[in-house]
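Coordinates in review
This is what each chain is made of:
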Amino acid sequence: MRVKICGITNIEDALLAINAGADALGFVFYPESPRYIAPENAKAVIAALPPFVEKVALFVNETPDVIRSVCLSTGCTLAQIHFDVQDDFFSDVHFPTLRVIRAQKKEDILTYTDEYRLIDAYCEAYGGSGKRLNIEWFEGIDCSKIILAGGLDPENVASLKPYGFYGVDVSSGVEASYGKKDHKLVETFIQKAKV
Ligand SMILES: O=C(O)c1ccccc1NCC(=O)[C@H](O)[C@H](O)COP(=O)(O)O
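Reference entry: report on the structure contained in this document. In this text the structure is predicted, and so the values were computed from the model without any measurement. (Residues numbered from 1 in each chain as written. Predicted model: local features only at pLDDT ≥ 70, side-chain atom pairs only at ≥ 80, totals over all residues.)

Regarding the site of the ligand
- Neighbouring residues of the ligand: 25 residues in total, closest Cys6, Gly127, Gly128, Ser171 and Ser172.
- Grouping the amino acids of the shell around the ligand by side-chain chemistry returns 9 nonpolar, 13 polar and 3 charged. (Near = placed C-beta within 6 Å. Nonpolar A, V, L, I, M, F, W, Y, C, P; charged D, E, K, R; others polar.)

Following this line, the structure appears as structure tokens:
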């Protein structure tokens, strides 16, 4: 499984995650989040990274123009769209995008099955809540284009193996405090996800 470590706010955590084997890092460009990072700070973190790392920019309630502009100015490589938009919004961004489905019921995870998508547990505050999805919803469905998020941690990530998810995404489950990662938890999470 590919692993994304989300809610990166500093170079130390970013390098630790990459050196531990993370495939992607997430930067939250949503000012109301406790994990918000200003674009100029994200740009500095990204400039310190080695090649072959996916830099994911998270957005809530922004326009396609703002999303594209922030991605280009920071060096992010993928825009993760957390809010509800019409389908043509994605093509209007003119930059690689990833749809987030904030699932409240099983039917929600059965949509957009032909595209790679991130499925997170629904919560009012948009993300990083530690809230888990009902894993039984994923039994018997094709998970090869799903990145699973929501309440994952080093204790439960290995149990996801049989489902065949494309990837996993974690934020609060590897945090020491908001916006600061616990290095041991990050390393253990990645190790267990990659077994
Ligand atoms: O993390 C945030 O504060 C956040 C704010 C606004 C939009 C998205 C946000 N995070 C989304 C993520 O991709 C998280 O990694 C995902 O929700 C999983 O979080 P967690 O349950 O804490 O692992």
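Brief notes about the sheet that holds strand β6 (residues 117-121)
- Pairing is parallel around the closed barrel formed by 8 strands, whose spatial order is β1-β2-β3-β4-β5-β6-β7-β8. Strand-to-strand, the axes of this sheet are offset by a mean angle of 25 degrees, without reference to chain direction.
- Strand direction decides the pairing type here: strand β1 (residues 2-5) and strand β8 (residues 167-170), joined by 4 bridges, are parallel. Each bridged residue has a counterpart across the sheet, and for arginine 2 the counterpart in β8 is glycine 167.
- Each of β3 (54-59) and β4 (78-81) touches helix α3 (residues 64-74); the most contacted strand, β3, lies at about 145 degrees to it. (Pairing = 2+ DSSP bridges. Helix = DSSP H or I, 4+ residues; strand = E, 2+ residues; numbered from the N terminus. Axes fitted to C-alpha atoms, helices over the stretch in contact; angles between N-to-C directions. Contact = placed C-beta atoms within 7 Å.)

Considerations on helix α1 (residues 11-19)
- For α1, the complete set of buried residues consists of Asp13, Ala14, Leu16, Ala17 and Ile18.
- Against β1, β2 (24-28), α2 (39-47), β10 (180-181) and α5 (183-194) lie the buried residues of α1.
- Downstream of α1 by one or two residues, glycine 21 has phi in the positive range, about 110 degrees. (Buried ≥ 20, exposed ≤ 12 C-beta atoms within 10 Å, placed from the backbone.)

Observations regarding the pairing of β8
- Judged by which residues are buried, β8 turns out to be covered on both faces: Gly167 and Asp169 on one side and Val168 and Val170 on the other are all buried.
- In terms of strand pairing, strand β7 (residues 146-149) meets β8 through 3 bridges, oriented parallel. Paired with isoleucine 147 across the two strands is glycine 167, which belongs to β8.

With respect to the pairing of β2
- Of all 5 residues in β2, 5 are buried; the element is thus mostly enclosed.
- Along β2, one buried face is formed by Ala24, Gly26 and Val28 and the opposite face, lined by Leu25 and Phe27, is buried too.
- Inspection of the sheet shows β1 paired to β2 by 2 bridges, in the parallel sense. What sits directly across from isoleucine 5, in β2, is leucine 25.
- Taking the sense of rotation as the criterion, the β-α-β connection linking β1, α1 and β2 turns out right-handed. (Right-handed = clockwise from strand over helix to strand, strands pointing away.)

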